[in-house]
Every structure is written in structure tokens, then in C-alpha cells.
Amino acid sequence: MPTRTKAAEGAEATGVGNLYIMPPLDKDVINLAKAIRQVESGNRAVTPQEGSGFGGASRYQYSHDTWKEVARKYLGDSNAQLTLENENKATYYRIKDWKDQQKTPAQIASMWNAGETEPEAYTGRFSNGTSSVGVNEHGVKYDVPSHVQKVRAEYEKIKNGG
């Protein structure tokens, strides 16, 4: 008799005996992850010496603290190494969670860039009413609407085979 279980990756699997069948991955989530990765780093691991400043070589520009939380939530280990395989896996499930919460690609890109509590920052304003374009307390320029436009353009390119 088939049984259902939560697989290690967080997806529900159906199995008989020791054989488990994972559902197919969501192509839209994969494409959005690729678009974010391309915009964040040009799809190459950016090291602290190159300006990431967060202690790991991340293609998705995870900060140290964010990676620890994402790794804990999606990989089950807050100390998981920041490898491409781990980044891709955790990022897939993070974006899938947001998509399952009915977030649009623009909102997901906004949350990626401005933080999980800022799905509407791409409209030009943070939730507190301040502009989502400016310079932070560390002197780093940010422009959430522009960032989201870049992710959206890359997402459409990838979706259309480009």
C-alpha cells in the first residue's frame, strides 16, 4: 500500500517500501531562482574579498545571518555549508514557499532584495512609507524597483528560452 511522507527536501513524496517518488520541480520557481542568481552575481560565487562582505561565496548574495536561517529552515541545518548545491536547494524551497503564499514574481524579487516583509517595495515605497530607492546606513545604494525590473526581465528571458 502506498504511503505518503515528508522527504528530506521538504516536499511530500509518495512511496511503496523503500521507493519514493518526488513530485516534479516547479519550472517557474527554477526560472525565477536562475533570474535572481543571474542578477545578484552574474551566476558566479561572489567572495567577501570581491565585495559580498558576508563570509561566504554566494551566487544569491546571502548574508551570513540570512544563510544560517534559510539553511536551518530548508536544509534542516543552520550550519550547512554555503555550496552551490545547498544554495540552489534552499533557494528553490524558499521561493516555492513564497509562490505558494500567492506572491508574484515581482513580489518575490522585491522580498529577495528588500527583505521578506517588503513584497511591495518594488512599487517605490517600503511598508513604512519611505522610498525604496536610496542609500543605507553603510553607504550602499539600493534601488528595489530597478532591481526587480532586472529580475523580471531576466526571468522572462529564461522562460522564453534565452
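Summary of the structure given here. (Residues numbered from 1 in each chain as written. Predicted model: local features only at pLDDT ≥ 70, side-chain atom pairs only at ≥ 80, totals over all residues. Heavy atoms only, no water.)

**Describing the packing of helix H1 (residues 27-41) against helix H5 (residues 144-159)**
The line we're drawing: Working convention: axes come from line fits to C-alpha atoms, limited for helices to the stretch in contact. Angles between N-to-C directions cover 0 to 180 degrees. In this text, helices come from DSSP runs of H or I with a minimum length of four residues, and strands from runs of E with a minimum of two, each type numbered from the N-terminal end. Angles are sorted into four bins: roughly parallel if under 35 degrees, roughly antiparallel if over 145, roughly perpendicular if 65 to 115, and oblique for all others. In this scheme the handedness of a crossing depends on how the near helix is turned from the far one: anticlockwise by less than a right angle means left-handed, clockwise means right-handed. Contact between two residues is taken to exist if any of their heavy atoms lie within 4.5 Å; hydrogens are not considered.
Look at H1 against H5: their axes get within 8 Å of each other, and the N-to-C directions meet at 130 degrees. Taken together, the axis directions place H1 and H5 in an arrangement best described as oblique. The element H1 and its partner H5 pack so that their crossing is right-handed. Taking contact as the criterion, the partners of Asp28, Asn31, Leu32, Lys34, Ala35, Ile36, Gln38, Val39 and Glu40 in H1 are, on H5, His147, Lys150, Val151, Glu154, Tyr155, Ile158 and Lys159.

**Comments concerning helix H4 (residues 105-114)**
Think of an α-helix as turning once every 3.6 residues; residues three or four places apart then point the same way. Here is the rule: In this scheme, a residue with accessible area under 20% of its type's maximum is buried, one over 50% is exposed, and one in between is partly exposed, where area comes from a 1.4 Å probe on protein chains only.
Within H4, seven of the 10 residues are buried, which leaves the element mostly enclosed by the surrounding structure. Within the span of H4, buried status applies to Ala106, Gln107, Ile108, Ala109, Ser110, Met111 and Trp112. On its buried side, H4 packs onto H1, helix H3 (84-100) and H5. With its phi angle positive at about 115 degrees, Gly115 sits one or two positions after the end of H4.

**Comments concerning H1**
Note the cut-off: Multiplying 1.5 Å by the residue count of a helix minus one yields the expected span of that helix.
Under the 1.5 Å per step criterion, the end-to-end length of H1 is 21 Å for 15 residues, consistent within 8% with the ideal 21 Å. Residues of H1 that are buried: Val29, Asn31, Leu32, Ala33, Ala35, Ile36, Arg37 and Ser41. After H1 finishes, the residue Gly42 shows a positive phi value of roughly 70 degrees.

**With respect to the layout of surface pockets**
The criterion, for reference: Buriedness of a pocket was judged along seven lines, with at least five required to meet protein on both sides within 12 Å; pockets are open sets of points on a 1 Å grid over the protein atoms alone, cavities are sets where a 1.4 Å probe fits but cannot get out, and lining residues have an atom within 4 Å of a point. Grid points are joined across faces, edges and corners, and a volume is the space filled by probe spheres set on the points.
Quantified by volume, the largest pocket comes out at close to 900 Å³. If you go around the largest pocket, you meet 27 residues; those closest to its centre are Glu40, Gln61, Trp112, Asn113 and Ala114. Those elements that place two or more of their residues in the lining of the largest pocket are H1, H4, strand S5 (141-143) and H5.

**With respect to the side chain of Glu154**
Structurally, the position occupied by Glu154 is in helix H5. Note on Glu154: relative accessible area 15%, which makes it buried.

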